Amino acid sequence: AQKVTQAQTEISVVEKEDVTLDCVYETRDTTYYLFWYKQPPSGELVFLIRRNSFDEQNEISGRYSWNFQKSTSSFNFTITASQVVDSAVYFCALSEPNAGNMLTFGGGTRLMVKP
Amino acid sequence: KAGVTQTPRYLIKTRGQQVTLSCSPISGHRSVSWYQQTPGQGLQFLFEYFSETQRNKGNFPGRFSGRQFSNSRSEMNVSTLELGDSALYLCASSLTVGQGEAFFGQGTRLTVV
């Protein structure tokens, strides 16, 4: 069965610091997708990125970057030069094509960026 | 284009009552999934509908049910409400099945008293 672990429940940083959110996953499938979502206080889950299991290239989008390592089953998320608006709960998730669109979520990491 | 719309946003019900929540997916999306979010259990998958058929179901009791209409709109129903059903219920919209990419609505916050 699939499982996603986000060991950091809460992280507090000062604005402009870099921060990395960890995500470790378990799956028996060779084909799967990994995601990161952001949940601001409004409650909506905002899609940040999807990565398939065959693409281990790291990705950068502005201040966000993702490091996918199959060897350690990790998909970590780094925010560079954090801002107060980055404060939210971040979720890592996994899906397997044979399970439709079902997402298995980690427990989430609450990020607090202080001015 | 419009995002995922969930109604109502907030709901207060009494134990033993039933409730129906609604979700309108992004135009053109045919898959709708539902999730329950609680502080204790986190985000848990309830069920997924595609082309009016339930494709997948999470580990929830039969009191939780859903359906999808021909226009892809979906409803979920919870009967005989319990205090533990208090949660944020999130709906996710996907274009098709098997790619996993999902876009979420703002959720319905249900409080059972």
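Residues numbered from 1 in each chain as written. Chains lettered and ligands numbered in written order. Predicted model: local features only at pLDDT ≥ 70, side-chain atom pairs only at ≥ 80, totals over all residues. Heavy atoms only, no water.

Caption draft 1: Seen up close, the interface of chain A and chain B. Across the contact, 19 residues belong to chain A and 23 residues belong to chain B. The junction of chain A with chain B conceals about 1,800 Å² of combined surface from both sides, 51% of it contributed by carbon and sulfur atoms. Across the pair A:Arg50 and B:Glu101 runs a salt bridge whose closest N-O atoms are separated by 3.9 Å. Between the two partners, chain A and chain B, sit seven residue pairs in polar contact (both at pLDDT 80 or more). Listed by contribution, the elements that provide at least two residues to the side of chain A that touches chain B are β5 (33-39), β6 (46-52) and β10 (88-95) of chain A. (Contact = heavy atoms within 4.5 Å. Buried area = accessible area lost by both parts, 1.4 Å probe. Salt bridge = Lys/Arg side-chain N within 4 Å of Asp/Glu carboxyl O. Polar contact = N/O pair within 3.5 Å; in protein donor to acceptor, adjacent residues only side chain to side chain. Helix = DSSP H or I, 4+ residues; strand = E, 2+ residues; numbered from the N terminus.)

Caption draft 2: Geometry of the packing of aromatic side chains. Residue and element names in this part refer to chain A. For the coordinates displayed, the defined rule picks out 21 aromatic pairs over all chains. Note on Tyr 25 and Tyr 32: the rings are 5.2 Å apart at their centroids and 50 degrees apart in plane angle, and the pair reads as tilted. Judged by centre distance (6.0 Å) and plane angle (55 degrees), the ring pair of Tyr 37 and Phe 105 falls under tilted. In this pair, Tyr 37 sits in strand β5 while Phe 105 sits in strand β11 (residues 104-105), placing the two residues 68 residues apart along the sequence. Summarising the burial analysis for this pair, Tyr 37 and Phe 105 share the class buried. (Phe/Tyr/Trp six-rings, centres within 6.5 Å; stacked < 30°, edge-to-face > 60°. Buried < 20%, exposed > 50% of the residue type's maximum accessible area, 1.4 Å probe, protein only.)

Caption draft 3: Summary view of the pattern of salt bridges. One pass over the full model with this rule turns up eight salt bridges over all chains. For A:Arg51, the salt bridge identified is with A:Asp55, shortest N-O distance 2.9 Å.

Caption draft 4: Geometry of the layout of surface pockets. When its volume is computed, the largest pocket comes out at roughly 530 Å³. Taken together, 31 residues line the largest pocket, and the ones lying closest to its centre are A:Gln39, A:Val89, A:Phe91, A:Arg110 and B:Gln37. The dominant element in the lining of the largest pocket, judged by the number of residues it contributes, is β10(A), at three residues. Each residue belonging to the lining of the largest pocket can be placed in one class, and the counts come to ten nonpolar, 17 polar and four charged. For the second largest pocket, the calculated volume is near 270 Å³. In terms of lining, the second largest pocket is formed by 15 residues, of which the most central are A:Leu103, A:Thr104, B:Leu43, B:Gln44 and B:Phe45. If you tally residues by element for the lining of the second largest pocket, the top one is strand β5 (residues 42-50) of chain B, at four residues. Across the lining of the second largest pocket, the residue classes break down as six nonpolar, nine polar and no charged. (1 Å grid on protein atoms, 1.4 Å probe; cavity = no way out; pocket = protein on both sides within 12 Å on 5 of 7 lines; lining within 4 Å. Points joined across faces, edges and corners; volume = space filled by probe spheres on them. Nonpolar A, V, L, I, M, F, W, Y, C, P; charged D, E, K, R; others polar.)

Caption draft 5: Examining the nonpolar core more closely. Counting residues in each nonpolar core, the largest one holds 23 residues, and the members touching the most others are A:Trp36, A:Phe77, A:Tyr90 and A:Leu111. The set of elements that each furnish at least two residues to this core consists of β2 (10-14), β3 (19-21), β5, β8 (64-69), β9 (74-79), β10 and β12 (109-114) of chain A. Setting aside its immediate chain neighbours within four residues, A:Leu111 contacts A:Ile11, A:Val13, A:Val19, A:Ile79, A:Asp86, A:Ser87, A:Ala88 and A:Tyr90. Membership of the second largest hydrophobic core comes to 21 residues, among which are B:Val4, B:Cys23, B:Met76 and B:Val112. (Core = buried A, V, L, I, M, F, W, Y, C linked by side-chain atoms within 4.5 Å.)

Caption draft 6: Seen up close, the pairing of β5(A). All names here are of chain A. Burial within β5 is extensive, with seven of its seven residues counted as buried. Residue alternation in β5 divides its side chains into two sets, Tyr 33, Phe 35, Tyr 37 and Gln 39 and Leu 34, Trp 36 and Lys 38, and both sets are buried. When β5 meets β6, the two strands line up antiparallel, connected through six bridges. Looking across to β6, one finds that Trp 36 is bridged to Ile 49. Taken together, β5 and the strand that follows it, β6, pair antiparallel across an intervening segment of six residues, in which Gly 43 is found at a positive phi of about 105 degrees. As judged from the seven bridges shared by β5 and β10, these two strands associate in the antiparallel manner. Counted as the bridge partner of Trp 36 is Cys 92 from β10. (Pairing = 2+ DSSP bridges.)

By themselves, these observations are geometric and do not establish any function.
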